[in-house]
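# Observations on the model geometry
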Amino acid sequence: MDLTALRTAHPEHWSKATAIRALTLDAVAAANSGHSGMPIGMADVATVLFEKHLKFDASAPHWPDRDRFILSAGHGSMLLYSLLHLTGYEDMTLEQIKNFRQWGAITAGHPEYGHATGIETTTGPLGQGIANSVGFAMAEEIQRATYGKKAVNHYTYVIAGDGCLMEGVSQEAITLAGRHALSKLIVMWDNNNITIDGTVELSDRTDQVSRFKSAGWAVLEIDGHDPVAIDAALTQAKKGNKPTMIACKTHIALGHAAQDTSKGHGALTDPDQMAAAKAAYGWTTGPFEVPADVKSAWEAIGARGTEARKAWEADFETLPRSKRETFERAYALDAPKKLSATVKAFKKQMSESAPKLATRASSEKVLEVLNPILPETVGGSADLTGSNNTKTSDLGVFDIDSRDGRYVYWGIREHGMSSAMNGMALHGGIRPYGGTFMCFTDYARPAMRLAALMKIPTVFVMTHDSIGLGEDGPTHQPVEHLAISRATPNTYVFRPADTIETAEAWEIALTTKETPSVLSLTRQGLPTVRTEHKTKNLTAQGGYVLADAEGRRQVILMASGSEVEIALAARDLLQSEGIGTRVVSMPCMELFAEQEETYRKRVLPGGPVRVGVEAAVRQGWDQWLLGERGKSNKADFVGMDSFGASAPAGELYENFEITAANVAAKAKALL
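The following paragraphs examine the structure supplied in this document. Throughout, a residue's number is its position along its own chain's written sequence, starting from 1. Confidence filtering applies because this is a predicted model: local features only for residues at pLDDT of at least 70, side-chain atom pairs given and counted only at 80 or more, and all residues used for totals across whole chains, interfaces and linings. To get the side-chain values, all heavy atoms of the structure are used, and hydrogens and water are removed first.

## Observations regarding the packing of helix H4 (residues 43-53) against helix H11 (residues 227-237)
Operational definition: Think of each axis as a best-fit line through the C-alpha atoms, taken over the contacting stretch in the case of a helix, with angles from 0 to 180 degrees between the N-to-C directions. Only DSSP runs of H or I reaching four residues or more are called helices, and only runs of E reaching two or more are called strands; each is numbered from the N terminus. Any angle that is under 35 degrees is reported as roughly parallel, and any over 145 degrees as roughly antiparallel; angles of 65 to 115 degrees are reported as roughly perpendicular and all others as oblique. Crossing handedness follows the turn of the near helix against the far one: under a right angle anticlockwise gives a left-handed crossing, and clockwise gives a right-handed one. Contacts were defined at the residue level, with two residues in contact if any of their heavy atoms lie within 4.5 Å.
The geometry of H4 relative to H11 is characterised by a closest axis approach of 9 Å and an angle of 55° between their N-to-C directions. The angle between the axes of H4 and H11 places the two elements in the oblique class. H11 is crossed by H4, and the crossing has right-handed handedness. Between H4 and H11, the contacting residues are Asp44, Val45, Val48, Leu49, Lys52 and His53 on the first element and Pro227, Ile230, Asp231, Leu234 and Thr235 on the second.

Structural data, given as structure tokens:
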């Protein structure tokens, strides 16, 4: 590659792009770790995007109508950090760049949402960024249709690499975006033909251009180092009625000794090679030094959007007051004033009528009263709408000719759905929820983990949550999945016992601001166990006394979800023999753990024997059986220690001995 020709043809562009390359080399060298090649290779594309196309204002990073830029190839984080520093984001100081990948710095190895303004999503697990971007673009479409172009009218830009496009979730994302003609989504593929192990041909022969075209995308192919071609492609992409993929042919680690090699992917720290690369770039300043004229040119780019932002603020003020208030409340993740009263009224009605319902059906009943007062909710299901009960009559379906629809048919794409829901939540102004079968948390898991890491309140509705689903058998019967979700930090796992607890769980899931929720819901019908109306949200305490002992308390039975009725039946057996038995409903272990010690001690005092009951593995229960004043010789568990089987639910419960009689027998054996 003739760098002299590139330098002389477009000197001003070259100096700006080279600032990214030089900062990348310096930061990676200082950290002695990182990924130099991708930021160096995509510096030209990023420079043209930020200078000529991206609508943003570095002084107002939370402007709701900014264009969103997602670095899906998150290992190239120095590309993003350099751009944020150069354009003048206040928190991205030179000191932060110098402390790349160090303890306490906002410049983590991979971009982390919440660490620095301008980072729209956490990327690094490849494929997540491009999958998030579909949710960002859907959110923009929904809100433009809902609030009008004055409030919402922006693009989502993505830089993705070969790794992103190899990950399976990319196929789910690409086909969704094509199906929904998300024309304000523009992906720039860093087509450098290099992976860590070697050239792409070592492991893949996909024709990416044909792949995107077949999924309904417009595709443009350009030289990723030609600023004129990059500008023309981005200009053309914004005119189309489909999502656009721009295949940018680039050289990884351009101008460095490791150019076009696997070594170029990683940390380029050799001082002689760095010096030679900088000389080839015509870069003469010392480490972390950007010439004043180059820095001021970049800062002018960062301020270019100020006028547009101020115009947007003026336009926004002309919208009807109610529309503005709803918009601002949704972006602040604040609940509408009538939410609490609506939930209380619903709970009272259900306590009095005491229906026997599967909690998936209870969930639908709750959503029927909550969705109309929460216009920011967007629901969906991975091709299991009738089974997950996630669609309510008021939502309308999101589609090409109904962009204000709030229900998404995600297709058989659990991972793509979950990642896109995260994108919706990150975009702002939307509370997404989506359903699949509980066992398919396995397919959604990377996105569920990232929701927890990013502290965003995505809601994962997981139905058919135990052997209680019956005949579909062990492939579909989750036994370890509750433990997996409970093991994930910053995740609320709700397993409600009836319609009342389901309503309370939804109230928490739709009002929390920094924690995703997993709703574990049954296929089989459950009786109402909360027949006495309480205005207080007891599920918010995580665990509470549902039925207390009569006489001297000798036994405490703890259960969640469908096994609470079994614990209550076991209590009847024990009480009939004069054994005082308390039943504790445990709909959310995480919230119980957050309660004051004094409250937990009241619920789980020392002394009585303890038996946990859940149609799942024991892992996670010992915190309450053996900890919290419990003792190993006075505790037991009734649940699953193997996979399930194919049979009617009732027979499965009998054969796996998850019965009231067995619970009572275990308790008596401990006395």
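Now, onward.
## Brief notes about the pattern of salt bridges
Which entries qualify depends on this criterion: Basic side-chain nitrogens of Lys or Arg form a salt bridge, by our definition, when they fall within 4 Å of a carboxyl oxygen of Asp or Glu. Three exposure classes are used, based on accessible area relative to the maximum for each residue type with a 1.4 Å probe and protein chains only: buried under 20%, partly exposed in between, and exposed over 50%.
Tallying each qualifying case throughout the model produces 35 salt bridges. Residue Glu628 is joined to Arg600 by a salt bridge in which the shortest nitrogen-to-oxygen separation is 2.9 Å. You can see Glu628 sitting in the loop between helix H26 (622-625) and strand E18 (635-638) and its partner Arg600 sitting in helix H25 (residues 597-603), a full 28 residues away along the chain. For the pair Glu628 and Arg600, a shared accessibility class is recorded, and that class is buried. Lys666 is the partner of Asp636 in a salt bridge, and the nearest nitrogen-oxygen pair spans 3.8 Å. Residue Asp636 is located in strand E18, and its partner Lys666 is located in helix H28 (residues 660-670); the two are separated by 30 residues in the primary sequence. Counted as one network, the salt bridges with shared partners bring together Asp465, Arg486, Arg495, Glu563 and Glu614.

## Some points on the pairing of strand E1 (residues 68-71)
Applicable threshold: One bridge is not enough; two strands pair if DSSP finds at least two bridges between them.
Neither face of E1 is exposed, since Arg68 and Ile70 on one face and Phe69 and Leu71 on the opposite face are all buried. Across four bridges, E1 lies against strand E2 (residues 156-161) in parallel orientation. The residue bridging Leu71 from the neighbouring strand is Ile159, located in E2.

## Considerations on the sheet that holds E18
The strands that make up a sheet are held in pairs by hydrogen bonds between backbone atoms, and each pair lies either parallel or antiparallel. Here we have five strands laid out as an open sheet, ordered E14-E16-E15-E17-E18, and mixed in their pairing. Where the open sheet ends on each side, the last strands, each with one partner, are strand E14 (544-547) and E18. Strand after strand, the sheet turns through a mean of 30° between neighbouring axes, direction not considered. Alignment of E14 against strand E16 (residues 580-585), held across three bridges, turns out to be antiparallel. Counted as the bridge partner of Val545 is Val584 from E16. Its contacts with the sheet put H28 on strand E15 (553-559), strand E17 (609-613) and E18, and the angle it makes with E17 is roughly 155°.

## Here's the deal with H11
Spelled out, the test is: Note that the arc is defined by the directions from the helix axis to the C-beta atoms.
Pro227, Ile230, Ala233, Leu234 and Ala237 are the residues of H11 that are buried. End-on view of H11: buried residues confined to an arc of 130°, all on one side of the axis. Where the residues of H11 are buried, they touch helix H2 (11-31), H4, E2, strand E3 (185-191), strand E4 (218-223) and strand E5 (244-249).

## Considerations on the packing of aromatic side chains
The description of two aromatic rings rests on the distance between their centres and on the angle between their planes. What counts here: What counts as a ring pair is set by centres within 6.5 Å for rings of Phe, Tyr and Trp (its six-membered ring), and what kind of pair is set by the plane angle: stacked under 30 degrees, edge-to-face over 60, tilted for all other angles. Criterion for a charge above a ring: Lys NZ or Arg CZ within 6 Å of the ring centre, and within 35 degrees of the ring normal.
All chains considered together, the criterion is met by 20 aromatic pairs. Taking the centre distance of 5.5 Å and the plane angle of 10° together, the rings of Phe440 and Tyr443 count as stacked. Classification of Phe440 as buried rests on a relative accessible area of 17%. One aromatic cluster in this structure is built from Tyr147, Trp312, Phe316, Phe327 and Tyr331. Here Arg21 stacks its cationic end above the ring of Trp14, 5.0 Å away from the centre of that ring. The residue whose ring lies beneath Lys391 is Tyr407, and the NZ or CZ to ring-centre distance is 6.0 Å.

## Notes on the sheet that holds E4
Read from one edge of the open sheet, five strands run E1-E2-E3-E5-E4, paired in parallel fashion. Both edges of this open sheet fall to E1 and E4, since each of them pairs with a single strand only. Looking at each pair of strands side by side, their axes are set apart by 20° on average, direction ignored. One ladder, built from six bridges, connects E3 with E5; its direction is parallel. Bridge assignment links Asp190 to a residue of E5, and that residue is Cys248.

## Here's the deal with the environment of Tyr281
Counted only if it meets this: Polar contact criterion, stated in full: a pair of N or O atoms within 3.5 Å, where within protein one must be able to donate a hydrogen and the other to accept it, and residues adjacent in sequence count only if both atoms are side-chain atoms.
Residue placement: Tyr281 occurs in helix H12 (residues 271-281). Here Tyr281 falls in the buried class, since its relative accessible area comes to 1%. In this structure Tyr281 touches Leu3, Arg7, Trp14, Thr18, Arg21, Leu25, Ile40, Leu254, Gly255 and His256, once residues within four positions along its chain are discounted. A distance of 2.5 Å separates the side chain of Tyr281 from the backbone oxygen of Leu254, its partner in a polar contact.

## Regarding the side chain of His427
With respect to the helices and strands, His427 occurs in helix H19 (residues 414-427). The class of His427 is buried, set by a relative accessible area of 2%. Only 2.9 Å separates the side chain of His427 from the side chain of His154, close enough to count as a polar contact. Those residues in contact with His427 that sit more than four places away from it in its chain are Arg68, Phe136, Ala139, Glu140, Gln143, His154 and Tyr331.

## Brief notes about unusual backbone geometry
In the Ramachandran plot, Lys455 falls in the positive-phi region, its phi being about 60° despite a non-glycine side chain. Within the secondary structure, Lys455 sits in the loop between helix H20 (441-454) and strand E10 (459-463). Its identity as a non-glycine residue notwithstanding, Arg629 has a phi of 70°, on the positive side. Tracing the backbone through its elements, the reader meets Arg629 in the loop between H26 and E18.

## Some thoughts on the nonpolar core
Filter applied, for reference: By convention a nonpolar core is built from buried Ala, Val, Leu, Ile, Met, Phe, Trp, Tyr and Cys residues, the set being connected through side-chain atoms within 4.5 Å.
By size, the foremost hydrophobic cluster in this structure holds 68 residues, and its most contacted members are Phe69, Met188 and Ile246. Counting residues per element, this core draws most heavily on H2, which supplies 10 residues. Once residues lying within four places of it in the same chain are set aside, the contact partners of Phe69 are Leu49, Phe50, Leu54, Leu80, Leu83, Glu120, Tyr157 and Ile159. In this structure, Ile142, Trp217, Ala420 and Leu450 belong to the second largest nonpolar core, which totals 54 residues.

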